[in-house]
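Remarks on the overall topology
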Amino acid sequence: MARLQIRNLEKTYANAFKAVHGINLDVNDGEFMVLVGPSGCAKSTTLRMIAGLESISGGDVVIGDRVVNRLQPGERGIAMVFQNYALYPHMKVRKNLSFGLRLQGAPKAEIARKTAEVARILEIEELLDRLPKQLSGGQAQRVALGRALIKQPKVFLFDEPLSNLDAKLRASMRVRITDLHKRLKAEGMSSTVVYVTHDQTEAMTMGDRICVMKDGHIMQVADPKTLYDRPENAFVAGFIGSPEMNLVNGRQTGNQFVIGGQNLTLPDELMARMTAGQADTVTLGIRPQHFRLGADQGLQAQLVGAEFMGHEVVLHLDVSGARMVAVIAAADYAGMDRGAPVMLSLEHGCAHVFDQHGRNISLPRIH
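Notes on the structure follow.

Reading the values: the criteria
- Residues numbered from 1 in each chain as written.
- Predicted model: local features only at pLDDT ≥ 70, side-chain atom pairs only at ≥ 80, totals over all residues.
- Heavy atoms only, no water.
- Helix = DSSP H or I, 4+ residues; strand = E, 2+ residues; numbered from the N terminus.
- Buried < 20%, exposed > 50% of the residue type's maximum accessible area, 1.4 Å probe, protein only.
- Areas by Shrake-Rupley, 256 points an atom, 1.4 Å probe, with all protein chains shown as cover.
- 1 Å grid on protein atoms, 1.4 Å probe; cavity = no way out; pocket = protein on both sides within 12 Å on 5 of 7 lines; lining within 4 Å.
- Points joined across faces, edges and corners; volume = space filled by probe spheres on them.
- Nonpolar A, V, L, I, M, F, W, Y, C, P; charged D, E, K, R; others polar.
- Pairing = 2+ DSSP bridges.
- Axes fitted to C-alpha atoms, helices over the stretch in contact; angles between N-to-C directions.

If you tally the helices and strands in the protein, you get nine helices and 20 strands. In terms of principal-axis extent, the alpha carbons of the protein reach across some 75 × 45 × 40 Å. By residue count, 49% of the 367 residues in the protein fall in the buried class. With an accessible surface of roughly 17,500 Å², the protein has 49% of that area assigned to carbon and sulfur atoms.

Here is the structure:
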């Protein structure tokens with residue numbers, strides 16, 4: 001295992017476009033770190049700079065106790081799993097797995113032992129004599145994992161490895177990869193992981209910690225629960241969570257928050273922080289799961305549409321011209337026509353308020 005450190009990392013292209021803006025990130029020994037963000041946020045560029053596949057314009061990448069900026073990918077002690085698997089089509093699975101060891105000139109007995117061990121761990125023993133074209137997407141992805149695992153690297157790098165799989169298989173592979181990580185860690189083997197995805201569900205279910213990126217900047221690094229409960233800014237609040245957080249503009253009047261002419265009473269401590277932050281015009285953030293129906297006091301809304309999801313119903317609502325979403329239990333949904341009135345109340349203590357710069361002023365600052 002090895003610690004990975006990114007120090008003031010920058011990437012500027014020949015056309016002067018700056019893709020990565022001096023980011024800093026520490027990944028601990030044995031940690032599963034996920035880089036997540038929308039397309040174009042430079043998460044894959046960052047991963048490729050760690051791997052040595054992309055040149056570094058400034059800053060350092062440190063693996064273990066070595067600055068690896070000038071080292072070739074094969075000298076960095078990393079193994080990478082790609083989106084398209086990158087298997088050699090003319091080689092059977094056995095040779096795909098052992099290719100790196102054979103290049104290194106490892107003894108035949110060692111190659112055979114490690115190949116068998118990796119095949120057992122990933123449950124692909126019956127695939128060893130097949131060609132890649134004879135594999136399903138999930139099988140091919142496990143072979144790609146095995147080819148990385150057999151190298152026993154200091155750091156595993158994953159570049160959106162599940163994006164080509166269907167939804168059911170993605171869910172299955174998420175469990176396989178996280179289970180593999182825990183098993184390797186328990187056995188004292190290489191298990192430091194940097195995993196890139198644009199899918200926040202993958203990030204939330206797989207990562208020990210998550211690094212949320214936007215436009216080449218790091219917006220927040222935290223464990224999944226902290227990101228969900230205590231987002232430091234409006235971008236993280238809106239990106240993490242499904243359905244996404246409702247973000248509506250409004251203003252403070254006394255102890256009321258005004259949305260389109262309607263007053264919503266917020267907790268005293270929240271109003272005090274808004275006053276301390278000297279923010280009259282702010283953005284209110286409410287997760288769809290934190291609305292309740294049928295209150296005598298609250299926000300009046302009109303139903304725009306409803307999505308029945310089995311155990312819950314997603315309500316799309318119009319609140320004085322602002323579109324909002326509420327998630328309620330299916331048992332609480334009696335069926336409503338489009339345009340029906342809906343009264344919403346807020347679960348106590350669950351609102352977030354963001355100032356004009358997008359900073360969360362509803363909670364003490366997180367350091």
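Alright, that's what it looks like, and here's the rest.
Using a probe with the size of a water molecule, rolled over the atoms, empty space left in the structure can be pinpointed. Enumeration according to the criterion identifies four cavities of 30 Å³ or more in this entry. Lining the largest cavity are 13 residues; nearest its centre among them are F156, F158, L180, L184 and V193. Contributions of two or more residues to the lining of the largest cavity are made by α4 (137–149), β7 (155–159) and α5 (167–186). Considering each element in turn, the lining of the largest cavity owes the most residues, four residues, to α5. Its residues assigned to classes, the lining of the largest cavity comprises 10 nonpolar, three polar and no charged. Looking at the second largest cavity, its volume works out to about 60 Å³.

Turning next to the sheet that holds strand β14 (residues 281–286). Here we have five strands laid out as an open sheet, ordered β13-β12-β11-β14-β20, and antiparallel in their pairing. The sheet is open, and its two borders are formed by β13 (262–265) and β20 (351–354), each paired with just one other strand. Mean inter-strand twist for the sheet, computed between neighbouring axes without regard to direction, equals 40°. Here strand β12 (residues 256–259) runs beside β13; their pairing, made up of four bridges, is antiparallel. Looking at the pairing, F257 lines up with L264 of β13.

Time to look at the pairing of strand β19 (residues 341–346). Across three bridges, the pairing between strand β15 (residues 291–293) and β19 is antiparallel. The partner of F291 across the bridge, within β19, is L346. Note that strand β16 (residues 299–308) and β19 share four bridges and pair antiparallel. Paired with Q302 across the two strands is P341, which belongs to β19.

Treat this as a map of the structure, not an account of what it does.
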